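Secondary and tertiary structure notes
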Amino acid sequence: MNRLLVLIVVLVIMFLSGQGTGGTVGVESVCENGKCLVRAASSTLSTILSPVLVLFVIFYPQARDELDETKFVKIWQRFLAFILDFMVVLLALTPILALPILLIEGRMTGSFEWSFSREFARDTDALAILPGILLAFVALFLYFYLHAKAGKATLGQYVLGYKVTGLADASRKPNYFARTMLSFVGMSMWPISWFLAAKNPDRKFWWDDASNSRAV
């Protein structure tokens, strides 16, 4: 499938998902100095598009281009791919993860609405929000890990023209589980990771070598 077409499909789903919700889908809870702001929004359309996006990510056909061993993947390519992948995972999850607190709010108020905003917290907020946050992290981890393990580029990597694979030396087997864990750590301290990658002749990140893997 053409890379540009893949990007267009995702952008269209992203645009449609935000319709009817003011462009915002998900949950926000902020408390400071005893004051709280809790907001949540979803919609019928975004809830329908969520599994559609999941199915698209799983089944869209990728062109089988030969790997070019002479070129290294630029830092900006990897950064944009990560941002796109991050947005895709959140876009697939947030409409569904917003439903528990919307349902609880509807039960409390006696009227279900697809969005709400209030300036106080409820005891049920943590129960409705925290499992969703944990699920989002697990889904993000599995998204990167399972793509690499299957030898398939993530959607972001595919659009930006590269994939993660093992080293040319077959005796050094890649550890994609460790790679995914270490890359999360590396992205949490991205200024240092970017600096080290910029100094590397092949623009490799430190978790590439640590997991016997590479981006090509």
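Described in the following lines is the structure provided in the data block. (Residues numbered from 1 in each chain as written. Predicted model: local features only at pLDDT ≥ 70, side-chain atom pairs only at ≥ 80, totals over all residues. Heavy atoms only, no water.)

**Observations regarding the pattern of salt bridges**
Tallied over the entire structure, the rule returns seven salt bridges. The partner of Arg179 in a salt bridge is Asp208, and the shortest N-O contact between them spans 2.5 Å. Linking Arg179 in helix α7 (residues 176–188) with Asp208 in helix α9 (residues 206–210), this pair joins segments that are 29 residues apart in sequence. The two residues Arg179 and Asp208 agree in class, both being buried. (Salt bridge = Lys/Arg side-chain N within 4 Å of Asp/Glu carboxyl O. Helix = DSSP H or I, 4+ residues; strand = E, 2+ residues; numbered from the N terminus. Buried < 20%, exposed > 50% of the residue type's maximum accessible area, 1.4 Å probe, protein only.)

**Structural notes on the state of the cysteines**
Evaluation of the coordinates by the stated rule reveals one disulfide. Two residues, Cys31 and Cys36, share a disulfide whose sulfurs are 2.0 Å apart. Between Cys31 and Cys36, the S-S torsion sits near 115°, and that sign places the bridge as right-handed. (Disulfide = S-S within 2.5 Å.)

**Describing empty space enclosed by the protein**
Tallied over the entire structure, the rule returns one cavity of 30 Å³ or more. The volume enclosed by the largest cavity comes to roughly 320 Å³. Phe144, Gln157, Arg179, Ser183 and Trp207 are the residues nearest the centre of the largest cavity, which is lined by 21 residues in total. Looking at the lining of the largest cavity, the elements with two or more residues in it are α3 (75–97), α5 (125–149) and α7. (1 Å grid on protein atoms, 1.4 Å probe; cavity = no way out; pocket = protein on both sides within 12 Å on 5 of 7 lines; lining within 4 Å. Points joined across faces, edges and corners; volume = space filled by probe spheres on them.)

**Side note on a nonpolar patch on the surface**
Nonpolar side chains collect at one region of the surface, where Leu4, Leu5, Ile8, Val12, Phe15, Leu16 and Leu45 lie side by side and expose about 620 Å² of accessible area between them. Here the nonpolar patch takes six residues from helix α1 (residues 3–17), the largest share from any one element. Relative to the assigned elements, Ile8 resides in helix α1. (Patch = residues over 30% accessible without salt bridge, like charges linked within 9 Å, V, L, I, M, F, W, Y side chains within 5 Å. Areas by Shrake-Rupley, 256 points an atom, 1.4 Å probe, with all protein chains shown as cover.)

**As for the packing of aromatic side chains**
Here the structure, examined in full by the defined rule, presents 15 aromatic pairs. When the centroid spacing of 5.2 Å and the interplanar angle of 80° are considered together, the rings of Phe112 and Trp114 count as edge-to-face. Judged by its relative accessible area of 35%, Phe112 falls in the partly exposed class. Residue classification places Trp114 among the partly exposed residues on the basis of a relative accessible area of 31%. (Phe/Tyr/Trp six-rings, centres within 6.5 Å; stacked < 30°, edge-to-face > 60°.)

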